[in-house]
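Below, each chain spelled out in residue letters.
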Amino acid sequence: MSFSLTLEFTLQQGEFSVEIDERIEADAIALYGPSGAGKTTVLEAVAGLRQPERGRIAVGDRTLFGSEDGVDVPARHRCIGYVPQEIALFPHMNVRQNVTYGAHGAPTEDLSRVLAVLDLEPLVERRVEQLSGGEQKRTAIARALMAGSRMLLLDEPLSALDVALQRRVMQYLVRVHDEFNIPMLYVSHRADEVLMLTDWVVQLDNGCVTASGPSKDILPRV
Amino acid sequence: MADDVWQVAVFTLTMAVVATLVMLPPGIVFAWLFARHRFRGCTALETLVMLPLVIPPVATGLILLRLFGRRGFFGRVAESVGLEVIFTWKAVILAMAVMGLPLLVRAARGAFEQVDRRYEQIAASLGAGPLRIFFTVTLPMAGRGVLAGVLLAFSRAVGEFGATMMLAGNMPGSTRTIASGIYIYTEVGNDAAATSLMLASIMIAFGSLWFSNRLARP
């Protein structure tokens, strides 16, 4: 399922600034670059957690932020599922409570499907501290999916996992992408992950775009 | 313990529980405001709320007396709706609540500051509004610290003396508390009653402070 994403904004964060001017039509988009390149800042701006100084952010024809039109849709109305790098599952809730936090009366079948796709059914009554790193990542993805998200933002979802777990979580991500047909904006500093999951890559360095194009064209060069 | 000593102990505990319940909503709102927001007059408001911690309790009592007395602003408002406050059990609650509030606010503020804002941002990205975020994420995550503050404020309320004496007096059966009871029984030479109340206050204070300290530990 192809979607269009408009990222045309300037965002100042202390001494650091991010400038991006991209209109992309793709299935899954990666923000790729070294640590400190500004990838997470872009992701947080799309999620509505940071406000750019000026510019426009739009998914399809829906403007989420537009300084000229005075539009700034609050994070809670953006319908964007954000899975941060530090997972931030609610520690006082169990898996089921976390997953259904943003569900807003979604049908039980939706919950069953999400839990089945991410193999979370046996874990639903477990508390967050009883989960492994990979299980926590899957729970965070399920939570974002259940919130009725029209788009998923994934910030380094494989970081802090050992190699075997990375492989497993990657399989789940591919499965989520195939099963739910949901657009993804994926942050990573690893070319292999980006190639496996996305078809378009925006390469960032020091807050600026250094390359943008189909993943298979851009990444073999880096 | 003699019947009147029991009555004083039970009355004080009841008043302290009600005072704690009364100070809970404003205490939590103030703590959250001071922890999460900066606004014009924020420091002045925080200083005002904390003032009873550092000024003599009798001075706080005098301020309350001026405010809630017949000629005071709140006193006139209360009288217009047929409510009598000073020298009644309501004055005991008021004095306890005002004296306990700063301790609750201070502990709860620290607890709210400890809650990583990221959790609130994630809740917002999942569609939750500010109230839902507060009641389902911020407050439960700060829960231990807030409860520790509640116990601290309750302990302070149980031991309140100066402000209560000024505002409510020391009338047996209607406004006499453990602290004012200890004072008056000592004055009249009833050592047994004074000692019983002293032991009761130590037990209550030790229990709630012990629990509060346990909760405050990570």
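All residue numbers here refer to positions counted from 1 along the written sequence of the relevant chain. Chains carry letters from A onward and ligands carry numbers from 1 onward, assigned in written order. A pLDDT threshold of at least 70 governs which residues receive local features in this predicted model, and a stricter bar of 80 or more applies before side-chain atom pairs are shown or counted, although totals over entire chains, interfaces and linings include all residues.

## Considering the overall build of chain B
Okay, step 1: In terms of regular secondary structure, chain B is built from 11 helices and 0 strands.
Okay, step 2: Numbered from the N terminus, helices here are DSSP runs of H or I no shorter than four residues, and strands are runs of E no shorter than two. Mapped in sequence order, the helices and strands of chain B form the string α-α-α-α-α-α-α-α-α-α-α.
Okay, step 3: Structurally, chain B occupies a C-alpha span of about 65 × 40 × 30 Å along its principal axes.
Okay, step 4: Out of the 218 residues belonging to chain B, those deemed buried represent 45%.
Okay, step 5: Expressed as a percentage of contacts within chain B between residues at least 6 apart in sequence, the contacts between residues at least 24 apart total 76%. Every C-beta atom is placed from the backbone, and the number of other C-beta atoms within 10 Å of a residue's own sets its class: buried at 20 or more, exposed at 12 or fewer, partly exposed in between. Contact between residues is assigned whenever the C-beta positions, reconstructed from backbone atoms, fall within 7 Å.

## Here we look at the overall build of chain A
Okay, step 1: When its secondary structure is counted, chain A shows 7 helices and 11 strands.
Okay, step 2: Against the 2.2 N^0.38 benchmark of 17 Å for 222 residues, chain A shows a C-alpha radius of gyration of 17 Å, consistent with a compact globule.
Okay, step 3: Its C-alpha atoms give chain A principal-axis dimensions of about 45 × 40 × 35 Å.
Okay, step 4: Excluding contacts between residues fewer than 6 apart, the proportion of contacts in chain A whose partners are at least 24 apart in sequence is 69%. Atoms counted for the radius of gyration: C-alpha only. Globule rule: 2.2 Å times the number of residues to the power 0.38.

## What about the interface of chain A and chain B?
Okay, step 1: Taken together, the contact between chain A and chain B spans 17 residues of the former and 13 residues of the latter.
Okay, step 2: Considered class by class, the residues forming the side of chain A that touches chain B number 10 nonpolar, 4 polar and 3 charged. The classification used treats Ala, Val, Leu, Ile, Met, Phe, Trp, Tyr, Cys and Pro as nonpolar, Asp, Glu, Lys and Arg as charged, and all other residues, Gly among them, as polar.

## Examining the nonpolar core
Okay, step 1: Within the largest apolar cluster, 131 residues are counted, with the highest numbers of intra-cluster contacts made by A:Leu153 and B:Ala95.
Okay, step 2: The dominant element in this core, judged by the number of residues it contributes, is helix H5 (residues 89–114) of chain B, at 17 residues.
Okay, step 3: Contact partners of A:Leu153, with chain neighbours within four places excluded, come to A:Leu43, A:Val46, A:Ala47, A:Ile80, A:Gly81, A:Tyr82, A:Val83 and A:Leu185. In these notes, a nonpolar core means any group of buried Ala, Val, Leu, Ile, Met, Phe, Trp, Tyr and Cys residues linked to one another through C-beta atoms within 7 Å.

## Some words on the confidence of the model for chain B
Okay, step 1: Along the chain, pLDDT gives the predictor's confidence residue by residue, from 0 to 100. For chain B, the average pLDDT comes to 93, and 98% of its residues sit at 70 or higher.
Okay, step 2: With a pTM of 0.83, the predicted complex shows an ipTM of 0.85.

## Considering unusual backbone geometry
Okay, step 1: We note that A:Cys79 has phi near 55°; this positive angle belongs to a residue other than glycine.
Okay, step 2: Among the structural elements, A:Cys79 can be located in the loop between strand S6 (71–72) and strand S7 (80–83).
Okay, step 3: The backbone of B:Phe87 sits at a positive phi, close to 60°, despite the residue not being glycine.
Okay, step 4: Relative to the elements of secondary structure, B:Phe87 occurs in the loop between helix H4 (73–80) and H5.

## Looking at the environment of B:Thr175
Residue and element names in this part refer to chain B.
Okay, step 1: If you trace the backbone, Thr175 turns up in the loop between helix H9 (162–168) and helix H10 (178–187).
Okay, step 2: Sequence spacing of Thr175 and Leu64 is 111 residues, and the spatial spacing of their C-alpha atoms is 16 Å.
Okay, step 3: Look past the residues within four positions of Thr175 in its chain and what remains in contact with it is Phe87, Thr88, Trp89, Ala91, Val92, Ala168, Gly169 and Asn170.

## Let's talk about the environment of A:His177
Residues and elements named next belong to chain A.
Okay, step 1: When you line up the elements, His177 lands in helix H5 (residues 163–180).
Okay, step 2: Along the sequence, His177 and Thr40 sit 137 residues apart, while their C-alpha atoms lie 21 Å from each other.
Okay, step 3: Residues within four places of His177 in sequence aside, it is in contact with Ala28, Ile182, Met184 and Leu197.

## Focus: the confidence of the model for chain A
Okay, step 1: Of the residues in chain A, 99% have a pLDDT of 70 or more, and the chain-wide mean is 89.
Okay, step 2: Mean pLDDT across the elements of chain A ranges from a minimum in H5(A), with 83, to a maximum in helix H2 (residues 95–99) of chain A, with 95.

## Thoughts on the pairing of strand S8 (residues 151–155) of chain A
Residues and elements named next belong to chain A.
Okay, step 1: The element S8 is largely enclosed, with a buried count of 5 among its 5 residues.
Okay, step 2: With burial as the criterion, each face of S8 is covered, one bearing Met151, Leu153 and Asp155 and the other bearing Leu152 and Leu154.
Okay, step 3: Paired strands, as defined in this entry, are two strands with at least two bridges between them according to DSSP. Taken together, the 4 bridges between S7 and S8 define a ladder with parallel strand orientation. By the bridge assignment for S8, Gly81 is matched with Leu152.
Okay, step 4: Sheet analysis places S8 next to strand S9 (residues 184–188), joined by 4 bridges and oriented parallel. Bridging across to S9, Leu153 finds its partner in Leu185.

## Structural notes on H10(B)
Okay, step 1: Listed in full, the buried residues belonging to H10(B) are B:Ile178, B:Ala179, B:Ser180, B:Gly181, B:Ile182 and B:Tyr185.
Okay, step 2: Trailing H10(B) by a residue or two, B:Gly189 shows a phi angle of about 80°, which is positive.

## Examining the packing of helix H3 (residues 108–117) of chain A against helix H4 (residues 133–146) of chain A
All names here are of chain A.
Okay, step 1: As a packed pair, H3 and H4 sit with axes 10 Å apart at the nearest point and diverge in direction by 150°. In terms of their interaxial angle, H3 and H4 are classed as roughly antiparallel. H3 and H4 meet at a crossing whose hand is right-handed. Across from Asp110, Leu111, Val114 and Leu115 in H3, the residues of H4 making contact are Ala142, Leu145 and Met146.
Okay, step 2: Of the residues in the contact of H3 with H4, the class split is 6 nonpolar, no polar and 1 charged. To define axes, lines are fitted to C-alpha atoms, for helices over the stretch in contact only, and angles between the resulting N-to-C directions are given on a 0 to 180 degree scale. Orientation categories follow fixed angle ranges, with anything under 35 degrees roughly parallel, anything over 145 roughly antiparallel, 65 to 115 roughly perpendicular, and all other angles oblique. In this scheme the crossing of two helices becomes right-handed for a clockwise turn of the near helix relative to the far one and left-handed for an anticlockwise turn of less than a right angle.

## Description of the environment of A:Glu135
Okay, step 1: One can find A:Glu135 in helix H4.
Okay, step 2: Residues A:Glu135 and A:Leu120, 15 residues apart in the sequence, show an inter-C-alpha distance of 7.8 Å.

## Overview of the pairing of strand S3 (residues 28–32) of chain A
Residues and elements named next belong to chain A.
Okay, step 1: By the criterion of burial, S3 is predominantly enclosed, with 5 of the 5 residues buried.
Okay, step 2: Sheet analysis places S3 next to S9, joined by 5 bridges and oriented parallel. The residue of S9 that forms the bridge with Ile29 is Leu185.
Okay, step 3: Direction of pairing for S3 relative to strand S10 (residues 200–205): parallel, over a ladder of 4 bridges. Residue pairing across strands places Ala30 opposite Val201, the latter belonging to S10.

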